[in-house]
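Listed below are the residues making up each chain.
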Amino acid sequence: MEDYLFRTITDQDISSMVDLLMRRQEHESQLFPFLKNSFLQMERISGRLREMLASGSALGVGAIQNGQLVGYLVGMIRIDTRSGRCVAIPYEGAAISAGQPAELIRHLYAEASVLWLERGCFTHSAYVPLADSSYLDAFSRLSFGIEQVYAVLDLEEYRPFRNANVEIRLATKEDGDVMARMSSIISKYQNTAPAFMPVFPEVLADIREGFRRSLEDPDTVVLLAEKDGQAVGFHMYDTASPGVMVPDHCVELVVAGTLEGYRRCGVGQSLMNAGCRMMREKGYRYMTTDWRITNLASSTFWPKCGFRPLAYRMARVIDPNYAWANVNNPCIQQF
Ligand SMILES: CC(C)(COP(=O)(O)OP(=O)(O)OC[C@H]1O[C@@H](n2cnc3c(N)ncnc32)[C@H](O)[C@@H]1OP(=O)(O)O)[C@@H](O)C(=O)NCCC(=O)NCCS
């Protein structure tokens, strides 16, 4: 990587970054045509990158070759009392020009990660596009592992499952207690092996309130599945906000769950049939959802429904001992 010059990204780089990102997305949309969306325009991409850089938490590096920006990597620093200090590289946060090797992404990371560590950020995550394998290849070879899968279903291609003996209905404002009961399904399931996600009581309380509130929101659609008059599962939908990785005319399946004891009986499949039918009738063409790769049920179920991954969130945690156990420490230098 000798013929590159690496330097911190500033808002002076935005027009070159727009060019790199637009070209990256043109390439992504060859495999995922729905990514050729109305967001893929110079002004909107430029606005998004400007917003990122103006937020005050963006920190990244560009690679210059022959006076041109040929790649960039920008992370957003997040400081949170529960998860600590971390850096998240958004979907728009990395792009290299066509013809540049995946190795350039590794070198951009080598430069940017030093700045992030200096700010105490040892946990790094990245939204990785999947059509161009360079990104997955580079992040995998930087010891990033897959955490979350982001996927799209083309509702015109949905093949309904055989309906089980389940009634599906729209939830109403009277279903607050039902939603409160459903609200811990995902957290409790993901607390078990092999996801091992911690459950915090204060977070469960927030989720429960959010589930109750969803019934008041006119933009949210909640479907309930009933067996023998009892609610046993749900789907919650919202219109997807426009973005670089969001198709036009898209609804998001935000959360879904089936009560323990009723799983693998066709409840999820019946909800999916009803949800897809309803969303097509409402004029949506695409549905997005995301799941933990370690969630055995959802990582099996959603692909069977026809969801196709378009991006991964990958993560790496650097050993915090590095803060003192490094070659600049005099007690290490004596060796
Ligand atoms: C994912 C979930 C919503 C599916 O609902 P469901 O009512 O169990 O689904 P169905 O019975 O209609 O379909 C079952 C199919 O899903 C897959 N599946 C469901 N649970 C599975 C598991 N634990 N392991 C592997 N595959 C599983 C299988 O393909 C299964 O078909 P099969 O039984 O013929 O093999 C449900 O398992 C659930 O609530 N999980 C816990 C909460 C959760 O993870 N929610 C999703 C968050 S993204």
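Residues numbered from 1 in each chain as written. Predicted model: local features only at pLDDT ≥ 70, side-chain atom pairs only at ≥ 80, totals over all residues. Heavy atoms only, no water.

Engineer: Help me get a handle on the overall build of the protein, residues and values and all.
Structural biologist: Each helix and strand in the protein was counted, giving 10 helices and 13 strands. The principal-axis extents of the C-alpha atoms in the protein amount to approximately 70 × 45 × 30 Å. Looking at the protein as a whole, 49% of its 335 residues are labelled buried. Approximately 17300 Å² of the protein is accessible, and the part contributed by carbon and sulfur atoms is 49%. Taking the average location of the 34 positive side-chain charges in the protein and that of its 39 negative ones, the two points are 4 Å from each other. (Helix = DSSP H or I, 4+ residues; strand = E, 2+ residues; numbered from the N terminus. Buried < 20%, exposed > 50% of the residue type's maximum accessible area, 1.4 Å probe, protein only. Areas by Shrake-Rupley, 256 points an atom, 1.4 Å probe, with all protein chains shown as cover. Lys, Arg positive; Asp, Glu negative; His and termini not counted. Charge placed at Lys NZ, Arg CZ, Asp CG, Glu CD.)

Engineer: An account of the side chain of S270 is needed here, citing residue identities and associated values.
Structural biologist: Structurally, S270 is set in helix α8 (residues 267-281). The exposure class of S270 is buried, given its relative accessible area of 2%. Beyond its immediate sequence surroundings of up to four residues, S270 is in contact with N163, A164, V166 and I168. (Contact = heavy atoms within 4.5 Å.)

Engineer: Requested: an account of helix α9 (residues 296-305), with residues and values cited.
Structural biologist: Along α9, the residues that are buried comprise S298, W302 and C305. In an axial view of α9, the angular spread of the buried residues amounts to 60°, which keeps them on one side of the axis. Those residues of α9 that are exposed and aimed more than 90 degrees away from the buried face are L296 and K304. Considering only its buried residues, α9 is in contact with β7 (145-154), β10 (230-239), β11 (250-258), α8 and β12 (286-292). The N-cap of α9, judged by a side-chain oxygen 3.1 Å from the amide nitrogen of A297 a few residues on, is N295. Directly beyond the C-terminal end of α9, a positive phi value near 110° is found at G306. (Arc of directions from axis to C-beta. Polar contact = N/O pair within 3.5 Å; in protein donor to acceptor, adjacent residues only side chain to side chain.)

Engineer: Account for the site of the ligand, with residues named and values stated.
Structural biologist: The immediate surroundings of the ligand are formed by 22 residues, with T258, G266, Q269, N295 and K304 found nearest. Within the complex, 83% of the 910 Å² of free accessible area of the ligand lies under protein. Top element by residues in the shell around the ligand is α9. It accounts for 7 residues. Taken together, the residues of the shell around the ligand break down into 10 nonpolar, 8 polar and 4 charged. (Near = heavy atom within 4 Å. Nonpolar A, V, L, I, M, F, W, Y, C, P; charged D, E, K, R; others polar.)

Engineer: Break down the pairing of β10 for me, with residues and values.
Structural biologist: Across the 10 residues that make up β10, a large majority, 7, are buried. The sheet contact formed by strand β9 (residues 221-227) and β10 spans 7 bridges and is antiparallel. Within β10, the position partnered with V222 by the bridge is M236. Between β9 and β10, which follow one another and run antiparallel, lie 2 residues, and D228 among them has a positive phi close to 50°. With 7 bridges connecting them, β10 and β11 associate as antiparallel partners. Bridge assignment links T239 to a residue of β11, and that residue is V251. (Pairing = 2+ DSSP bridges.)

Engineer: Give a description of the pattern of salt bridges that names residues and reports values.
Structural biologist: Under the defined criterion, the tally for this structure stands at 16 salt bridges. Between R141 and E103 there is a salt bridge, and its shortest N-O distance comes to 3.5 Å. Here E103 lies in helix α3 (residues 102-118) and R141 lies in the loop between α4 (133-140) and β7, a separation of 38 residues in the sequence. Judged by relative accessible area, which is 39%, R141 ranks as partly exposed. (Salt bridge = Lys/Arg side-chain N within 4 Å of Asp/Glu carboxyl O.)

Engineer: Which residues make up the domain arrangement of the protein, and what values go with them?
Structural biologist: How big an interface is tends to be reported as the loss of accessible area on association of its parts. With domains assigned, the protein is organised as domain 1 (5-142) and domain 2 (154-309). The distance between the C-alpha centroids of domain 1 and domain 2 comes to 31 Å. Taken together, the contact pairs 14 residues of domain 1 with 12 residues of domain 2. Both sides together, the interface formed by domain 1 and domain 2 hides about 1200 Å², and carbon and sulfur atoms give 66% of it. (Domains from an automatic or database assignment. Buried area = accessible area lost by both parts, 1.4 Å probe.)

Engineer: Go over unusual backbone geometry, please, and point to the residues and values.
Structural biologist: Residue P194 is bonded to the preceding A193 through a cis peptide linkage, with omega at -5°. Here P194 shows up in the loop between α6 (185-190) and α7 (201-214). In this structure, N66 takes a positive phi of about 50° despite not being glycine. Among the secondary structure elements, N66 is positioned in the loop between β2 (58-65) and β3 (68-80). By relative accessible area, N66 is classed as exposed at 75%. Of note, F196 is a non-glycine position whose phi angle comes to about 50°, a positive value. Residue placement: F196 occurs in the loop between α6 and α7.

Engineer: Residues and numbers for the packing of aromatic side chains, please.
Structural biologist: Inspection of every chain in the model, using the stated rule, returns 12 aromatic pairs. Ring geometry for Y127 versus Y150: centroids 5.3 Å apart, planes at 45°, classification tilted. Of this pair, Y127 sits in strand β6 (residues 123-129) while Y150 sits in strand β7; the two residues are 23 residues apart in sequence, bridging distant segments of the chain. Taking the relative accessible area as the measure of exposure, Y127 reaches 22% and is therefore partly exposed. Ring centres 5.8 Å apart and planes at 90° place the aromatic pair W302 and F307 in the edge-to-face group. An aromatic cluster is built from Y158, F161, F301, W302 and F307, whose rings are joined through pairwise contacts. The cationic tip of R24 hangs over the ring face of Y91; the distance from NZ or CZ to the ring centre is 4.5 Å. (Phe/Tyr/Trp six-rings, centres within 6.5 Å; stacked < 30°, edge-to-face > 60°. Lys NZ or Arg CZ within 6 Å of the ring centre and 35° of its normal.)

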